[in-house]
Amino acid sequence: MKLYAAVILSFILVLPELNVAAPRVAVVTNRYDNVEKWLQACRVPYRSIGYAELENAEVYSRFDAIFFPSGMEPPPETNINILSRGTSIQGVTLKEGHYRLDRRKLARALRSFIDGGGSAYFSGYSWDILHGAYGGFDFFHDFPYIGSAGPVELRPEGDLRCFVSSSRIPAHMGFTGWVAARSIDGADILATAGFDTPRGGAEGPMVARLRKKRGEAYFTSFYAGEIGNQVMRFLVLRVAYGRLLEWLEESAGRWDQSPGAAVVDMLLPGETSRRYSVPLERGRNTVFLGSPGGHFQADLYRGDEILASRQSWERVTVLDVRVPEGGTYGLRVFPAGNGRAIPFAVSVKHGPRLIPYFRRVILGFLFVSVIAALVLINRFMNPRKYSGRAR
């Protein structure tokens, strides 16, 4: 009995810890994607790194999240010298100090970073760096830069749809030649869209997530820098605070429930609350809300009816609810006291909560039971024999 209790306690008492330090974030210097606007708006400290540093594996070890925006590679005209006389070109040479990246070293360093638990963001023309590390990109007519300028309507799915609380996102592609993929193998597609190309209409993924071992990478073809862009808000916070969501998932995972939607967010200046659309299954569901320093109130509702509400002063607020039928429900998060401008994560799980690590406890119990049974069988099959000399 003592042995069984020790096994159970060993699973229950080992809880994940949260590192409250600010995330270590880097942004590669670029020309087209002003992702720094969102990082500044969300008060995420970051460091700029150069394109030439990307093949150095030591650089990746300094960061938790790295943004690889569109337009990182210096344009060719900045790396050449042109010798001319009047209108006659006499010669063209590379500038002194020009450096060409070793793409194999870059791919190895990037895979090691993401597989080891790092988060990465890629947009537009940086697709080839992600493809060089993991592959999977397929394009119409084998040509990536086929998207035409004009309006598109994104259809969000999964966690992105939960975040934006809408089935449609109007967008505008501001230039011709944007990266339009036909498919991305092994990726979770978070948004698709129909769009025009010089060869007619097409449809493909616009936002995608690749989960690789302990880390993940996000790619987006739509990266307009306006602060009102909810797609960029989702991506920037998800990448920058990936460790926060990982911590919350470890805490919520102790209950062995089925996974649901997850988001990372914060209340920006002028916002009084945040609203999400969360899919729930019939029966028991649980909403986990975690933050490194702030406190929040979570309200779950359908229509005008509040089904459950809770405010907690603990790092993780747990909201259990039973719903009569599956469907999409509303979740609103309010700040409590110091909850503004502080990141938080939400994870929705389906099914009842019994005891922490219930499956592991059962497996541990079965393992100990099997060992005990084998010992008893061995004693029964090989009883102790006594021998001695007769006196």
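About the criteria used
- Residues numbered from 1 in each chain as written.
- Predicted model: local features only at pLDDT ≥ 70, side-chain atom pairs only at ≥ 80, totals over all residues.
- Heavy atoms only, no water.
- Pairing = 2+ DSSP bridges.
- Helix = DSSP H or I, 4+ residues; strand = E, 2+ residues; numbered from the N terminus.
- Axes fitted to C-alpha atoms, helices over the stretch in contact; angles between N-to-C directions.
- Buried < 20%, exposed > 50% of the residue type's maximum accessible area, 1.4 Å probe, protein only.
- Contact = heavy atoms within 4.5 Å.
- pLDDT = per-residue confidence, 0-100.
- Polar contact = N/O pair within 3.5 Å; in protein donor to acceptor, adjacent residues only side chain to side chain.
- Phe/Tyr/Trp six-rings, centres within 6.5 Å; stacked < 30°, edge-to-face > 60°.

This brings us to the sheet that holds strand 16 (residues 283–290). Sheet architecture is open: 4 strands sit in the order 14-21-16-19, paired in antiparallel fashion. Each edge of the open sheet carries a strand with a single partner, namely strand 14 (258–265) and strand 19 (316–323). Taken pair by pair, the neighbouring strands of this sheet meet at an average axis angle of 15 degrees, ignoring direction. Bridging between strand 16 and strand 21 (residues 344–350) involves 6 bridges; their strand directions are antiparallel.

Once that is clear, we can look at the environment of C42. Assignment of secondary structure puts C42 in the loop between helix 2 (36–41) and strand 2 (46–49). According to the relative accessible area criterion, C42 is buried, its value standing at 1%. For the pair formed by C42 and I342, sequence separation is 300 residues and the distance between their alpha carbons is 8.8 Å. Setting aside anything within four residues of it in sequence, one finds C42 in contact with L237, Y241, M266 and L268.

On average, residues of the protein score 87 in pLDDT, and 83% of them are at 70 or above. In this model residues 1–15 is a low-confidence stretch, pLDDT under 50, and it forms 15 contacts with partners more than four residues away in sequence or in other chains.

For the rest of this paragraph, the subject is the sheet that holds strand 20 (residues 327–336). If you trace the 4 strands from one edge of the open sheet to the other, you get 15-20-17-18, paired in antiparallel fashion. The open sheet has two edge strands with one neighbour each: strand 15 (274–280) and strand 18 (305–311). Neighbour to neighbour, the strand axes of the sheet diverge by 25 degrees on average, direction disregarded. For strand 17 (residues 295–302) and strand 18, the ladder comprises 6 bridges, and the chain directions are antiparallel. Bridge assignment links Q297 to a residue of strand 18, and that residue is Q311.

With that settled, consider the side chain of T197. Tracing the backbone shows T197 in strand 11 (residues 188–197). A polar contact is formed between the side chain of T197 and the backbone oxygen of G200, at a distance of 2.6 Å. Sequence-distant contacts of T197, defined by excluding residues within four places in its chain, comprise I146, S148 and A202.

A word on the side chain of E216. Within the secondary structure layout, E216 lies in strand 13 (residues 215–220). Discounting residues that sit within four places of it in the chain, E216 has contacts with I114, G118, S119, A120, R209, L210, R211 and R238.

So, about the packing of aromatic side chains. Scanning the model with the defined rule gives 17 aromatic pairs in all. With a centroid separation of 6.2 Å and 80 degrees between ring planes, the pair formed by F140 and F195 is classed as edge-to-face. Of this pair, F140 sits in the loop between strand 7 (137–139) and strand 8 (150–156) while F195 sits in strand 11, placing them 55 residues apart in sequence. Relative accessible area serves as the criterion here: at 5%, F195 is assigned to the buried category. Here the aromatic rings of F163 and Y276 are separated by 6.1 Å at their centres, their planes lie at 45 degrees, and the arrangement is tilted. Here the residue F163 occupies a position in helix 6 (residues 158–164), and Y276 occupies one in strand 15, the gap between them amounting to 113 residues. The buried category is assigned to F163, whose relative accessible area is 1%. A residue is classified by how much of its surface remains accessible, and Y276, at 0% relative accessible area, is buried.

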